Amino acid sequence: MSHRSNTGPVHRLKLVILLFALSPELLFLGAGVKLQDNGYEGLLLAINPRVPENLNLIANIKEMITEASFYLFSATKRRVFFRNIQILIPATWTAHNYSRVKQESYNKANVIVTEQHGVYGDDPHTLQHRGCGKEGKYIHFTPSFLLRDELAAGYGSRGRVFVHEWAHLRWGVFDEYNNDKPFYINGRHEIQATRCSSDITGVFVCENGFCSPEDCIVSNFLREGCTFLYNSQQNATGSIMFMQSLPSVVEFCNASTHNHEAPNLQNQVCSLRSTWDVITDSSDLNHSLPVPGVELPPPPTFSLMQAGDRVVCLVIDVSRKMEEADRLLRLQQAAELYLMQVVETHTFVGIVTFDSKGEIRAQLQQINSVDDRKLMASHLPTAVSTEADTNICAGVKKGFEVLEKRNGRAEGSVLILVTSGADKHVNNCLLTSMSSGSIIHSIALGSSAVETVEELSHLTGGLKFFIPDTFNSNRLTEAFSRISSGTGDIFQQSLQLESMCEVVQPQHRLTNLVTVDTAVGNDTIFVVMWQTGGPPDIVLLDPSGRKYNTSDFVINLAFRTASLRIPATAKHGHWTYTLNNTHHSPQALKVTVASRASSLAMSPATVEAFVERDKTFFPQPVIIYANVRKGLYPIINATVVATVEPEAGGPVELQLLDDGAGADVIKNDGIYSRYFFSFAVSGRYSLTVHVHHPPSVSTLAHSVPGNHALYVPGYVVNDSIKMNAPKKPSHRHVEEQWGFNRVTSGGVFSVLGVPAGPRPDMFPPCKITDLEAVQVGEDVMLSWTAPGEDFDQGQSTSYEIRMSKSLQSIRDDFKNAVSVDTSEIIPQQAGAWEIFTFSPKLLTSELEREPDEETQETYRVYVAMRAIDRNALKSTVSNIALVSFFPQNSAPVHSRDGLILKRAFITVGLIAIICLIIVVAHCTLNRKKRALKREWSEISMNKYI
């Protein structure tokens, strides 16, 4: 495979240098947000096509980001601001001379605006799938949040909220409040609200007004009807990641103001580091000196763009290489499914083939009906060429020629390139491809396909797929099914419900179930594919028992496919298919089932599979992710299995987890993940993810996971309670009667430097990320999720636990902190829940003692740990847990706010007593006056008598 020698990092660097020399403005096309001269450029905000047209939305977005730019500039000590923003207007909105999109699309946006009928309500939130200091996926705003000015009372101004979410997205910091643990006992044995900084003041409020902490907190739970309200006027200036709505808050918590005792995600995920510490450690601030002077930066500029017609061209390799390993047949089957089902209605489609030269097989035609789909599918190639040479650039050039027929240019269009060729001259069309403004999705068939073709996708923002040479998999069909228009309209997207491939012996049968859940059913298609001869005997039963036979399917003997399109909406429930291999030899039989949403009122379940990076070097593992949702709503309790197939060797299955441990950052946020390190060889690895959700199992977490802007229920203003409007009630998802299944391709990633033959153990246990510590009597109880022998798989050999009086000491010099005896711990299998209790009294001579006001000893203990495997490989040090160790018999004392509140109660009580005395005296005096008056009246009457 010598052709790979020119596709490594050095080659990519040379390519970038060349492109920059030729055309600097092309270098960052499709590269996302970049920071230049203290200003962020290329931020993409996209409005979902289902959002009704409203020009006020655009005006408010501009106002929000302009305010955010100045607020961010101040909060980062004059280091960064927003220079220019791209706003993607839906194609469904009226055109107003907007610019035409190039490689921008909704599914690439950094910020999305769409409705969310789920547990988040109108909460702005950021999807964060990676750890501390790592970028997230996107920020989400609802149209209501951007249009309803009254929401500012609870969230604060939109610009402030945007900065809160930007810090999540860009710098990987986390929220400093915690709705699940709204209060805690601090190191001084005081009841405190979970916040940062702890200088922010407030009071407990019950149904009848102000109340004391002990009236609100029962058995460590907040009594129903109680809340903690903050004073509207504060002296504290931080923190933006806690409550951006407070007028006094203008900065992030730093080392001097950070509350590392608060039980929040920032402390857990970032090991008690302040948000400012994480932010200043980012490459953004590391490479940005403060802007000198006192002037504010210029306001950001906005580019409004809108997609035109959807235009796609298939560019297909027909060189002699395509006859190897049934590549052409597999391509025909997958491309037919794409044209008959996957490509959205009203899309313009063309077809080009190439060997040493390109040829146009079908000019652009709009897909408006099933007949249009059949006509386009008839133009797919039926045979390979006699030429062995492959000229990918010739095919790409002809593809652009087809695309330009629609609007005179290729901007905003899509080219799907399929090749098995080892063309060493792909570099010749990289610059042309980048400057075209189109997106190129590449599908490489077999190991001989040159990896440089993936550069076309990398530089134009397209998807990349690698398909191993094996017929007994459905990888190519899954790749084509993944390629959607990227508009964000999930109700138009084809969803893959089933993707099955199995080798069946002669005269043997294969029987399986397919679930058509309640959220799908429109435009449902069943496709059966086979290797040789005629079709197998097919029997398909719908949930009511209606039978479909082979004769009901449309047979394409040339492509060896049989398809059945279900009219109207397919019946919801379990469909059963049986395939009987009537051929005289074993063959691989494939079944693909796809469908679209059944109703605009219910978002269907979707899965997006991806990896943290598309290229890694041994022994660095790959983190595989699957984002499972209904709309933006996270789905929990699903079984998610990733199948990874290398260039050489068999596929490997790996179950992904959403348990908040190991590779997974936040439990029950709908992001399932796992470390993958079963590297057979150097080269490319294909990824597919299957999701199964059983029936009658809840998809809803009891609390909302992840990071979202805090809505404040009210404030204390001048000693008076001022409540905000209650939040919009959130939608409770109904359990799915039949469950559901989804399949998607995760594309391709590459692993370099895998040694041949036997190799030593190079994979340590993974980092423990959920260590917690609590006081139990006179002991400290630790709990965590067990890592494995190799990352999150297997069973580690031992644990190393250390403690310290100093946060900085245990964080920066773990190996010299005080050791805890762990000889009695026998580690469990990865994923098991571990509990260990020890007494800090054995180590009190090493720990700091601070007598409180009643001369009782308190200890503030920081604890961290790491796992060790049988070959003495050690994990990274865990997150740092904090426990404040104080005498159990003592009751929590009032914090300063509690004491002030207590004094207020005493004062109010005294005033009430005085008022009561005055009222009683007044009433007594009035009674005496009335009695005296009656007496004088009686005297007068007697006088007249």
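Residues numbered from 1 in each chain as written. Predicted model: local features only at pLDDT ≥ 70, side-chain atom pairs only at ≥ 80, totals over all residues. Heavy atoms only, no water.

Looking now at the environment of Asp658. With respect to the helices and strands, Asp658 occurs in the loop between strand 38 (652-656) and strand 39 (671-676). Classification of Asp658 by relative accessible area gives buried; the value is 9%. C-alpha separation for the pair Asp658 and Asn637, spaced 21 residues apart in sequence, amounts to 8.3 Å. Each residue touching Asp658, except ones within four places of it in the same chain, is listed here: Ile636, Asp664, Ile666, Lys667, Asn668, Asp669, Gly670, Ile671 and Tyr672. Within the structure, Asp658 has its side chain in polar contact with the backbone nitrogen of Asp669 (distance 3.2 Å). Among the polar contacts made by the side chain of Asp658, one reaches the main-chain amide nitrogen of Gly670 at a distance of 3.0 Å. (Helix = DSSP H or I, 4+ residues; strand = E, 2+ residues; numbered from the N terminus. Buried < 20%, exposed > 50% of the residue type's maximum accessible area, 1.4 Å probe, protein only. Contact = heavy atoms within 4.5 Å. Polar contact = N/O pair within 3.5 Å; in protein donor to acceptor, adjacent residues only side chain to side chain.)

If you look at the biggest cluster of nonpolar residues, it comprises 75 residues, and the most contacted ones within it are Ile47, Phe82, Phe162, Trp166, Trp171 and Phe252. No other element matches helix 2 (residues 55-75), which puts nine residues into this core. Not counting residues up to four positions away in its chain, the partners in contact with Trp166 are Val33, Tyr40, Leu43, Leu72, Phe82, Ile139 and Trp171. Core analysis: the second largest hydrophobic core is formed by 49 residues, Phe618, Ala638, Ala663 and Val691 among them. (Core = buried A, V, L, I, M, F, W, Y, C linked by side-chain atoms within 4.5 Å.)

What follows concerns the state of the cysteines. Evaluation of the coordinates by the stated rule reveals four disulfides. Shown here is the disulfide that connects Cys216 with Cys226, its sulfur atoms set 2.4 Å apart. Judged by the sign of its S-S torsion, about -95 degrees, the cystine formed by Cys216 and Cys226 is left-handed. Here Cys216 is found in helix 6 (residues 213-216), whereas its partner Cys226 is found in the loop between strand 15 (221-222) and strand 16 (227-231), with ten residues between them in sequence. Of the two residues, Cys216 and Cys226, neither departs from the other in class, the shared state being buried. The connectivity of the disulfides in the protein is 1-6, 2-3, 4-5, 7-8, where the numbers refer to bonded cysteines in sequence order. (Disulfide = S-S within 2.5 Å.)

Let us now look at the side chain of Ser481. Note on placement: Ser481 falls in helix 15 (residues 475-482). Polar contacts involving the side chain of Ser481 include one to the main-chain carbonyl oxygen of Thr477, which spans 2.9 Å. If near-sequence neighbours (up to four positions away) are discounted, Ser481 is found in contact with Leu337, Val342 and Gln496.

Right, let's talk about the sheet that holds strand 31 (residues 573-580) for a bit. The sheet built from four strands is open, its strands ordered 25-31-27-28 with antiparallel pairing. Only two strands of the sheet have a single partner each, and these edge strands are strand 25 (509-516) and strand 28 (547-549). Direction aside, the axes of adjacent strands within the sheet are offset by 15 degrees on average. (Pairing = 2+ DSSP bridges. Axes fitted to C-alpha atoms, helices over the stretch in contact; angles between N-to-C directions.)

Looking at where Glu647 falls in the secondary structure, it is placed in the loop between strand 37 (639-646) and strand 38. Among the polar contacts made by the side chain of Glu647, one reaches the side chain of Ser447 at a distance of 3.0 Å.

The next subject is the packing of helix 10 (residues 327-342) against helix 15. With their axes 9 Å apart at the nearest point, helix 10 and helix 15 run at an angle of 30 degrees to one another. Judged by the angle between their axes, helix 10 and helix 15 are roughly parallel. Seen along the crossing, helix 10 lies across helix 15 with a hand that is right-handed. Residues Arg330, Leu331, Ala334, Ala335, Leu337, Tyr338 and Val342 of helix 10 touch helix 15, and the partners they reach there are Leu476, Thr477, Phe480 and Ser481. Residues that form the contact of helix 10 with helix 15 fall into these classes: eight nonpolar, two polar and one charged. (Parallel < 35°, antiparallel > 145°, perpendicular 65-115°, else oblique. Left-handed = near helix turned anticlockwise from the far one by under 90°. Nonpolar A, V, L, I, M, F, W, Y, C, P; charged D, E, K, R; others polar.)

Let us look at the pattern of salt bridges. Scanning all chains against the criterion turns up 39 salt bridges. With a closest N to O distance of 2.9 Å, Arg742 and Asp517 form a salt bridge. A residue pair is termed long-range when its members are at least 10 positions apart, and Arg742 in strand 44 (residues 740-752) and Asp517 in the loop between strand 25 and strand 26 (520-529) qualify at 225 residues. Among the residues examined, Arg742 registers a relative accessible area of 3% and is labelled buried. A salt bridge links Asp792 to Arg674; the nearest nitrogen and oxygen atoms lie 3.1 Å apart. Of this pair, Asp792 sits in the loop between strand 46 (779-785) and strand 47 (798-804) while Arg674 is found in strand 39, placing the two residues 118 residues apart along the sequence. Neither Asp792 nor Arg674 differs from the other in exposure class; each is buried. A single salt-bridge network, built from bridges that share partners, covers Lys321, Glu324, Arg327, Arg330 and Asp469. (Salt bridge = Lys/Arg side-chain N within 4 Å of Asp/Glu carboxyl O.)

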